[in-house]
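Descriptive structure summary
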Amino acid sequence: MNNDNLTLIQIILKAGLILTMSVLSLWCLIRIVKWAKGMPKAAYLVMAIFPLLSLFPIPPPVFKNVAKAKQEQRKRKEVPGDPPE
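Residues numbered from 1 in each chain as written. Predicted model: local features only at pLDDT ≥ 70, side-chain atom pairs only at ≥ 80, totals over all residues. Heavy atoms only, no water.

A few words now on the overall build of the protein chain. Of regular secondary structure, the protein chain possesses three helices and zero strands. Moving toward the C terminus, one meets the helices and strands of the protein chain in the order α-α-α. With 85 residues in all, the protein chain has 2% of them scored as buried. Accessible surface, the protein chain: about 8500 Å² in total, of which carbon and sulfur atoms supply 70%. (Helix = DSSP H or I, 4+ residues; strand = E, 2+ residues; numbered from the N terminus. Buried < 20%, exposed > 50% of the residue type's maximum accessible area, 1.4 Å probe, protein only. Areas by Shrake-Rupley, 256 points an atom, 1.4 Å probe, with all protein chains shown as cover.)

Once that is clear, we can look at the confidence of the model for the protein chain. Looking at the protein chain as a whole, the pLDDT averages 77, with 75% of positions reaching at least 70. Mean pLDDT in the protein chain bottoms out at helix H2 (residues 41-49), which sits at 74, and peaks at helix H1 (residues 3-38), which reaches 87. (pLDDT = per-residue confidence, 0-100.)

A surface patch of nonpolar side chains, about 550 Å² in accessible area, is lined by Leu45, Ile49, Leu52, Leu55 and Phe56. The residue Ile49 is located in helix H2 in this model. (Patch = residues over 30% accessible without salt bridge, like charges linked within 9 Å, V, L, I, M, F, W, Y side chains within 5 Å. Salt bridge = Lys/Arg side-chain N within 4 Å of Asp/Glu carboxyl O.)

In C-alpha cells form, the structure reads like this:
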C-alpha cells in the first residue's frame, strides 16, 4: 500500500470525525434549547449560568510540569560535590 493513500485515508477519517462531532454537538445544543423552552423559568436561569463557566479559565497541566522541571533543575545545580554559592 502506498504511503500517500494512508495519509489520504487518515485525512478523510479526521475530517469525518470532525464533521460527526460538529453535527452531534449542534444536535445536542438544539435538544437542550427545546428542553429549556418546555421547562419553567428556573430552566432559563440554569441555561444562563452555563456561559459563565467559560469566564473561569482552567489552567493546563503544562504549567505544573514547567514548575516541576524548574525545581528539578535547581536541585541538580545544588549537587553535594559543588561548593555553595
